[in-house]
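Reading the structure
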Amino acid sequence: MRYGPAAALPSATRVQDPADGRRPVSGPGGLTSSVARMSDQTRVLLVRHGQSEWNASGRWQGQADPPLTNLGRRQAQEASMAVGAVDAVWASDLHRAAETAITIANGLGVGPVVIDEDLRERDAGEWSGLTRAEIDERFPGYLSEGRRPPGWESDEVLLGRALRALAKIHAELPGGDVLVVTHGGLIYAVEGHLGEEHQRIANLEGRWVAVDGDKLTLGERIGLTAPEDVTVPGQI
């Protein structure tokens, strides 16, 4: 099924209560954070959504809303078995992230999923829906020179809403472990803000971040899918 435009869901909406908020017991495959808990620090695992149709076809997405592929849905199911115990699941309001989050939450028995539009992907402006070849044809020299189109969301705006979302999560769940299904661009923005060099992130790969008031501490990256199902979108 193909989804229409997202943006209808208000910020921090709660959707689908899979199991009345029950917290699962971590099994042998459960993954633990590399960030040690201190005081009411919230440990957040920022995870890229499952493979979408435009990931598979090499198209830049931005805030467009293509659905998951069948592989993307399988990746989400695999992640639900790998992630271990969490206290809550949050997600971007774009359907590729929300569907991924709901699948994982159903598998964990944690809910409802909290939908927050601040967790959306960067707006790619005029490049949304285009392949790299099409961008090179319509915007010659832009990619090689690191230039972006007029409608491109700035680093400052993207980072600002990412930090705002993390602050909301910490305020609601101090001392908790939270899974956040979001997008590559937003994860890169948080990593760059904390001094990490850019490295492509796979679908259903995540980065631990500890949030304690205004202080953020970067943890390790972890993969949540079977090795044979790893996909790394190459648009950015």
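Whatever comes next refers back to the structure up there.
Rules used throughout
Residues numbered from 1 in each chain as written. Predicted model: local features only at pLDDT ≥ 70, side-chain atom pairs only at ≥ 80, totals over all residues. Heavy atoms only, no water. Helix = DSSP H or I, 4+ residues; strand = E, 2+ residues; numbered from the N terminus. Buried < 20%, exposed > 50% of the residue type's maximum accessible area, 1.4 Å probe, protein only. Contact = heavy atoms within 4.5 Å. Salt bridge = Lys/Arg side-chain N within 4 Å of Asp/Glu carboxyl O. Core = buried A, V, L, I, M, F, W, Y, C linked by side-chain atoms within 4.5 Å. Polar contact = N/O pair within 3.5 Å; in protein donor to acceptor, adjacent residues only side chain to side chain.

1. What to know about the overall build of the chain
Each helix and strand counted, the chain has seven helices and seven strands in total. When its helices and strands are written in sequence order, the chain yields β-β-α-α-β-α-β-α-α-α-β-α-β-β. Taken across its 236 residues, the chain has 53% of its residues classed as buried. Of all intrachain contacts in the chain linking residues separated by at least 6 positions in sequence, the fraction that spans at least 24 positions is 78%.

2. Points about the pattern of salt bridges
Here the structure, examined in full by the defined rule, presents 15 salt bridges. Notably, a salt bridge pairs glutamate 99 with arginine 73, separated by 2.7 Å at the nearest N-O pair. Of this pair, glutamate 99 sits in helix α3 (residues 95-108) while arginine 73 sits in helix α2 (residues 70-82), and the two are 26 residues apart along the sequence. The class of arginine 73 is partly exposed, set by a relative accessible area of 25%. For aspartate 116, the salt bridge identified is with lysine 168, shortest N-O distance 2.7 Å. Residue aspartate 116 is found in the loop between β4 (113-115) and α4 (132-138), and its partner lysine 168 is found in helix α6 (residues 155-172); the two are separated by 52 residues along the sequence. Overall, aspartate 116 belongs to the buried group, its relative accessible area being 0%. What you see here is one network of salt bridges that share partners, running through Glu191, Glu196, Glu205, Arg207 and Arg221.

3. Things to note about the nonpolar core
Core analysis: the biggest nonpolar cluster contains 24 residues, and Leu45, Val89, Ile104, Val113, Leu179 and Leu224 have the highest contact counts within it. Elements with a minimum of two residues in this core: β2 (42-48), α2, β3 (88-91), α3, β4 and β5 (177-182). When residues of this core are assigned to their parent elements, the largest contribution, seven residues, is made by α3. Among the nonpolar cores identified, the runner-up in size contains 23 residues, and Val44, Ile187, Ala189 and Val211 belong to it.

4. Notes on the side chain of arginine 207
Tracing the sequence through the fold places arginine 207 in strand β6 (residues 205-212). In terms of polar contacts, arginine 207 uses its side chain to reach the side chain of glutamate 196, at 3.3 Å. Looking at arginine 207, its side chain comes within polar contact range of the main-chain oxygen of glycine 219, at 2.6 Å. Contact partners of arginine 207, with chain neighbours within four places excluded, come to Val44, Leu45, Leu46, Ile187, Glu191, Glu196, Leu218, Gly219, Glu220 and Arg221.

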